[in-house]
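Next come the chains, spelled out residue by residue.
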Amino acid sequence: MAVHFVLGAPAAAHIAVQSAASTDLTSGRLVGTTAAVVALAGVVIGGLALARSTDRPGIGNRRNRAITALAAGLVGLVMGVVNLAVADGGPGTGNGVIAGVAALALGLIGTALGGLALTRARRTG
């Protein structure tokens, strides 16, 4: 009987771990994913602001793109940090931890690109 409990305990633990992992779209995952998308938008807009040396009509000027990239990067960064701060589990628990880390990294990159583009836009006029 003791052998049965020893062999049965790891199987029960495995079932408990499987049931804790959620594949549904939870509120934590939604917030984390939204933060990552906003931060990614900041990266893309910041890259475009740096790549465009001349302003084309109808697209907006370099300074506006730089400010938009800076704002989107900061919003994504803050949302990612808040999401990670309130998460009560690790990856796979439905708290959006992986998306929060992605938002944190992309937010830093978007903020840096936006700041660099804004500095260049001020310097070039």
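Predicted model only: the values in this text are computed from it and were never measured. (Residues numbered from 1 in each chain as written. Predicted model: local features only at pLDDT ≥ 70, side-chain atom pairs only at ≥ 80, totals over all residues. Heavy atoms only, no water.)

Asks: An account of the overall build of the chain is requested, with residue identities and associated values reported.
Replies: What the chain contains, in helices and strands, is four helices and zero strands. When the helices and strands of the chain are read in sequence order from the N terminus, they spell out α-α-α-α. For the chain, contacts bridging at least 24 residues in sequence account for 71% of all contacts bridging at least 6. When the accessible surface of the chain is split by element, carbon and sulfur atoms take 71% of a total near 7600 Å². (Helix = DSSP H or I, 4+ residues; strand = E, 2+ residues; numbered from the N terminus. Contact = heavy atoms within 4.5 Å. Areas by Shrake-Rupley, 256 points an atom, 1.4 Å probe, with all protein chains shown as cover.)

Asks: Talk me through helix α2 (residues 27-51); I want residue IDs and the actual numbers.
Replies: A rise of 1.5 Å per residue sets the reference length of α2, with its 25 residues, at 36 Å; its end C-alpha atoms lie 36 Å apart and thus fit the reference within 8%. Taken together, the buried positions of α2 are occupied by Gly28, Arg29, Gly32, Ala35, Ala36, Ala39, Gly42, Val43, Gly46, Ala49 and Leu50. (Expected span 1.5 Å × (residues − 1). Buried < 20%, exposed > 50% of the residue type's maximum accessible area, 1.4 Å probe, protein only.)

Asks: Give me the lowdown on the confidence of the model for the chain, citing residues and values where you can.
Replies: On average, the chain scores 78 in pLDDT, and the residues at 70 or more come to 72%. A low-confidence stretch, residues 14-19 (pLDDT under 50), is modelled with zero contacts involving residues beyond four sequence positions or located in other chains. (pLDDT = per-residue confidence, 0-100.)

Asks: Help me get a handle on the nonpolar core, residues and values and all.
Replies: Of all hydrophobic cores here, the largest spans five residues; its members are Ala49, Leu50, Ala66, Ala117 and Leu118. Of all the secondary-structure elements, those providing two or more residues to this core are α2 and α4 (97-124). Once you skip the residues sitting within four places of it in the chain, Ala117 turns out to touch Ala49, Leu50 and Ala66. (Core = buried A, V, L, I, M, F, W, Y, C linked by side-chain atoms within 4.5 Å.)

Asks: Before we move on, could you go through the packing of α2 against helix α3 (residues 62-86) and cite the residues and values that matter?
Replies: Where α2 contacts α3, the axes come no closer than 7 Å and their chain directions differ by 155°. Considering their axes alone, α2 and α3 lie roughly antiparallel with respect to each other. Here the hand of the crossing between α2 and α3 comes out left-handed. The class makeup of the residues in the contact of α2 with α3 is 13 nonpolar, ten polar and two charged. (Axes fitted to C-alpha atoms, helices over the stretch in contact; angles between N-to-C directions. Parallel < 35°, antiparallel > 145°, perpendicular 65-115°, else oblique. Left-handed = near helix turned anticlockwise from the far one by under 90°. Nonpolar A, V, L, I, M, F, W, Y, C, P; charged D, E, K, R; others polar.)

Asks: Outline a nonpolar patch on the surface, supporting the account with residue identities and numerical values.
Replies: A surface patch of nonpolar side chains, about 230 Å² in accessible area, is lined by Leu40, Val44 and Leu48. Mapped onto the elements of the fold, Leu40 is located in helix α2. (Patch = residues over 30% accessible without salt bridge, like charges linked within 9 Å, V, L, I, M, F, W, Y side chains within 5 Å. Salt bridge = Lys/Arg side-chain N within 4 Å of Asp/Glu carboxyl O.)

Asks: Describe the environment of Leu84, and please don't skip the residues or the numbers.
Replies: Tracing the chain through its elements places Leu84 in helix α3. A sequence separation of eleven residues divides Leu84 from Asn95, and the C-alpha atoms of the two residues are 8.3 Å apart. When residues no more than four places from it in sequence are discounted, the contact partners of Leu84 are Val97, Gly100 and Val101.

Asks: Which residues make up the environment of Arg62, and what are the values?
Replies: With respect to the secondary-structure elements, Arg62 resides in helix α3. A residue is classified by how much of its surface remains accessible, and Arg62, at 11% relative accessible area, is buried. As for Arg62 and Ala49, which are separated by 13 residues in sequence, their C-alpha atoms are 5.5 Å apart.

Asks: Would you mind going over α3 in detail, with residue names and values included?
Replies: For α3, spanning 25 residues, the distance from its first C-alpha to its last is 36 Å, which sits close to the expected 36 Å at 1.5 Å a residue. All of the buried residues along α3 are Arg62, Arg65, Ala66, Ala69, Ala72, Gly73, Gly76, Leu77, Gly80 and Asn83.

Asks: Account for the environment of Gly73, with residues named and values stated.
Replies: Structurally, Gly73 is set in helix α3. Under the relative-accessibility criterion, Gly73 is labelled buried at 0%. C-alpha separation for the pair Gly73 and Ala35, spaced 38 residues apart in sequence, amounts to 9.3 Å. Beyond its immediate chain neighbours, meaning those up to four positions away, Gly73 contacts Gly42, Gly107, Gly110 and Thr111.

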